[in-house]
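# Structure at a glance
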Amino acid sequence: MRSSRFDFLEIGDEPLPKSPPARATVSPCPIVPRCAEIEEIIGSYGSGVGEFNSLWGIAVDGVGALYVADMHNHRVQKITDDGDVYTIGGKGDEPGRFLFPSGVAVDGVGSIYVSDRSNSAIQRFDARGRFMLGIGRRGSAMSCLANPADVALDNFNNVWVVDTSNNRVQQFSATGRFLQCVDGGDRFCFNRPQGITIGSDFCVYVTDTLNRRIVQVLPGRHSVGKAITAEGSRTTLMEPCGIAADGNGNLYVTDAAANRVLCITNEGFPFVLVDGENGSPSRRLHRPRGIAVSHDGSSLYVADSLNHRVVRMGLH
């Protein structure tokens, strides 16, 4: 197991985009993974560079760089595969600073979108970490936000936001123009949703946390398709939080209360992929939150929140 990517640490404020590094050939992930083995542990508790305090959301770009919402340090950290670390933000309520950031997404040119939870806004930065745009303002009217927990980008770089305290999902253009609001209606009324991702079927999937289910939002419509409850003797969702999708149509969900990760296959079959309450202490999870899948589908990244670290797992 690779213990850390910080062996050769460099610190900076404005990372330049880099060409993808040469990589060894990786065996392709099976269509449905059956196990996840810890291969790397990134970070530890603290406020220094490469340290975390109750990290939450996580994203990974096409060259393996991580973007971590370091929530209680009020910043986002970008960590390259070489171990270089760049920080964005700091505590504050002005543009470019955060109050408890909880979600992060990155587009194909390296622009970074952050759900600035207690400032009730989405902030967009360029690839160098410079503030570009704020989306939303505090409130309950359409296009307003209240404690947004997570953010995701669709294939058109539209911005999907989990508007947590307003119990709805909102969609904006990349320039911040309001597009639509989905509240689930009478049948699928949200109750403190937390996580969001875009599936390979172009549907939006939301962790409807206090309803203990995953809700599917149909593409291009103001409507919900179905709810996934994952009920069963071992797979009942207790507190679904983060969610990610791979290219094969599988969903990966962190269950914060149960300290585990579930996989919901492209056929809708749920199973426990990672039981984070068993094994050695270094392999146990404590309130896992954000989750991301590498672009090649071979690795799963989990924000192990109260262990203050990111865990990378190989999918087999």
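So, how was this worked out
Residues numbered from 1 in each chain as written. Predicted model: local features only at pLDDT ≥ 70, side-chain atom pairs only at ≥ 80, totals over all residues. Heavy atoms only, no water. Helix = DSSP H or I, 4+ residues; strand = E, 2+ residues; numbered from the N terminus. Buried < 20%, exposed > 50% of the residue type's maximum accessible area, 1.4 Å probe, protein only. Contact = heavy atoms within 4.5 Å. Areas by Shrake-Rupley, 256 points an atom, 1.4 Å probe, with all protein chains shown as cover. Pairing = 2+ DSSP bridges. Axes fitted to C-alpha atoms, helices over the stretch in contact; angles between N-to-C directions. Phe/Tyr/Trp six-rings, centres within 6.5 Å; stacked < 30°, edge-to-face > 60°. Lys NZ or Arg CZ within 6 Å of the ring centre and 35° of its normal. Core = buried A, V, L, I, M, F, W, Y, C linked by side-chain atoms within 4.5 Å.

What follows deals with the overall build of the protein chain. Each helix and strand in the protein chain was counted, giving 0 helices and 27 strands. Relative to its 316 residues, the protein chain shows a buried fraction of 58%. Sequence-distant contacts in the protein chain: of pairs separated by 6 or more residues, those separated by 24 or more amount to 49%. Working note: accessible area of the protein chain is about 13300 Å², and carbon and sulfur atoms make up 48% of it.

Attention now moves to the environment of Pro 148. By the secondary structure assignment, Pro 148 is in the loop between β12 (131–135) and β13 (150–153). Sequence separation between Pro 148 and Gly 136 is 12 residues, and the spatial gap between their C-alpha atoms is 9.9 Å. Beyond its immediate chain neighbours, meaning those up to four positions away, Pro 148 contacts Ser 102, Ser 115, Asp 116, Arg 117, Ser 120, Ala 121, Ile 122, Val 161, Val 162, Asp 163 and Thr 164.

A few words on the sheet that holds strand β18 (residues 204–208). In sheet architecture, strand pairing relies on hydrogen bonds along the backbone and comes in two forms, parallel and antiparallel. Pairing is antiparallel in the open sheet, where 4 strands are placed in the order β17-β18-β19-β20. Taken across any chain shown, the strands that pair with only one partner, and hence form the sheet edges, are β17 (193–198) and β20 (224–228). Recorded for the sheet is a direction-independent mean angle of 20° between the axes of neighbouring strands. The pairing of β17 with β18 spans 4 bridges and is antiparallel. Paired with Ile 198 across the two strands is Val 204, which belongs to β18.

This paragraph deals with the packing of aromatic side chains. A full pass over the atoms with the stated rule returns 4 aromatic pairs. Ring plane angle 75° and centroid distance 6.0 Å describe the contact between Phe 125 and Phe 131, whose orientation is recorded as edge-to-face. Take Phe 125: its relative accessible area is 1%, and that puts it in the buried class. Consider the rings of Phe 172 and Phe 178, whose centres lie 6.0 Å apart with planes at 70°: the pair is edge-to-face. With relative accessibility at 1%, the residue Phe 172 sits in the buried group. Lying across the ring of Phe 271, Arg 34 places its NZ or CZ 5.0 Å from the centre. The ring of Trp 56 carries the charged tip of Arg 117 above its face, separated from the ring centre by 5.2 Å.

Before going further, it helps to examine the side chain of Asn 158. Looking at the element boundaries, Asn 158 is found in the loop between β13 and β14 (159–163). By relative accessible area, which is 15% here, Asn 158 ends up buried.

Following the sequence through the fold, Ile 42 ends up in strand β2 (residues 36–42). Separated by 262 residues in the primary sequence, Ile 42 and Asp 304 place their C-alpha atoms 10.0 Å from one another.

Before going further, it helps to examine the nonpolar core. In terms of nonpolar packing, the biggest core is built from 19 residues, with Tyr 252, Val 261, Leu 273, Val 274, Ile 291, Leu 300 and Met 313 touching the most fellow members. Of all the secondary structure elements, the ones that give two or more residues to this core are β2, β23 (260–264), β24 (270–275), β25 (288–293), β26 (299–304) and β27 (309–315). Those residues in contact with Tyr 252 that lie beyond four places of it in its chain are Pro 33, Gly 242, Ile 243, Ala 244, Asp 246, Leu 262, Cys 263, Leu 273, Ile 291, Val 293, Leu 300 and Leu 315. By size, the runner-up hydrophobic cluster in this structure holds 14 residues, among which are Val 162, Ile 196, Ile 198 and Val 215.

What follows concerns the sheet that holds β25. Pairing is antiparallel in the open sheet, where 4 strands are placed in the order β2-β27-β26-β25. Looking at which strands have only one partner, the edges of the open sheet turn out to be β2 and β25. The sheet shows a mean angle of 25° between the axes of neighbouring strands, direction not considered. Here β2 runs beside β27; their pairing, made up of 6 bridges, is antiparallel. Counted as the bridge partner of Glu 40 is Arg 312 from β27.

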